[in-house]
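Fold and contact review
Read off the chains here:
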Amino acid sequence: QVQLVESGGGLVQPGGSLRLSCAASGSMFSTYAMNWYRQAPGKQRELVASITSGGSTNYADSVKGRFTISRDNAKNTVYLQTNSLKPEDTAVYLCNARRVYSVGSYYNYWGQGTQVTVSS
């Protein structure tokens, strides 16, 4: 069982930055792929950034060059550095942990989310 707690959201002006954190409890954090999703009102949940257990990263086209995902396995924490924020980045940002344990089956955990609002 993994519990995820996000923090770091808030209100920021366009062009600003926020650093989101996701602290995980439970064991074997380093074996999980970690993902940041976001969901804006009336829109589908969108995968923003991913980092594998080995440290490989992937980003949605909409955030490439502006967002950076990283992890600190010693602290059981994953981060999302968000720069050059735009109003369209406004959403609830959710942390996700996923690990395969057999063919076609995987552990999948979600945090409660942290609100990011980009507005002048």
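Coordinates for the structure precede this section.
Presented here is an overview of the structure given in this document. (Residues numbered from 1 in each chain as written. Predicted model: local features only at pLDDT ≥ 70, side-chain atom pairs only at ≥ 80, totals over all residues. Heavy atoms only, no water.)

Comments concerning unusual backbone geometry
For clarity, the threshold we go by: A helix here means a DSSP run of H or I that spans at least four residues, while a strand means a run of E at least two residues long, and both kinds are numbered starting from the N terminus. Here the term buried applies to any residue with accessible area under 20% of the maximum for its type, exposed to any over 50%, and partly exposed to those in between, with areas from a 1.4 Å probe on protein chains only.
We note that Met28 has phi near 65°; this positive angle belongs to a residue other than glycine. As for its position among the elements, Met28 is in the loop between strand 3 (18–25) and strand 4 (33–39). For Met28, a relative accessible area of 44% corresponds to the partly exposed category. Positive phi, close to 55°, is recorded for Asn76, a residue that is not glycine. Structurally, Asn76 is set in the loop between strand 7 (67–72) and strand 8 (77–82).

Overview of the sheet that holds strand 8
Selection criterion: Strands are treated as partners if at least two bridges between them are detected by DSSP. Interaxial angle, 0 to 180 degrees, is taken between N-to-C directions of lines fitted to C-alpha atoms, where a helix line uses only the stretch in contact.
The antiparallel open sheet is built from 4 strands, whose spatial order is 1-3-8-7. Strands at the two margins of the open sheet, each flanked by one partner only, are strand 1 (3–7) and strand 7. Taking each pair of neighbouring strands and ignoring which way they run, the sheet shows an average axis angle of 15°. Across 6 bridges, the pairing between strand 3 and strand 8 is antiparallel. Each residue of the ladder has a partner; that of Ser21, found in strand 8, is Tyr79.

Brief notes about the pattern of salt bridges
Defined as follows: A pair is scored as a salt bridge if a Lys or Arg side-chain nitrogen falls within 4 Å of a carboxyl oxygen belonging to Asp or Glu.
All told, the structure shown has 4 salt bridges when counted by the stated rule. Asp89 is paired through a salt bridge with Arg38; the nearest N and O atoms lie 2.9 Å apart. Of this pair, Asp89 sits in the loop between strand 8 and strand 9 (91–102) while Arg38 sits in strand 4, and the two are 51 residues apart along the sequence. Across the pair, exposure class does not vary: Asp89 and Arg38 are buried alike. The shortest N-O distance in the salt bridge between Arg66 and Asp89 comes to 2.7 Å. Placement of Arg66 in the loop between strand 6 (57–59) and strand 7 and of Asp89 in the loop between strand 8 and strand 9 is noted, with a sequence separation of 23 residues between them. The residues Arg66 and Asp89 share a single accessibility class, namely buried. Taken together, the salt bridges that share partners define one network made up of Arg38, Glu46, Arg66 and Asp89.

Everything listed here is a matter of geometry and, on its own, says nothing about what the molecule does.
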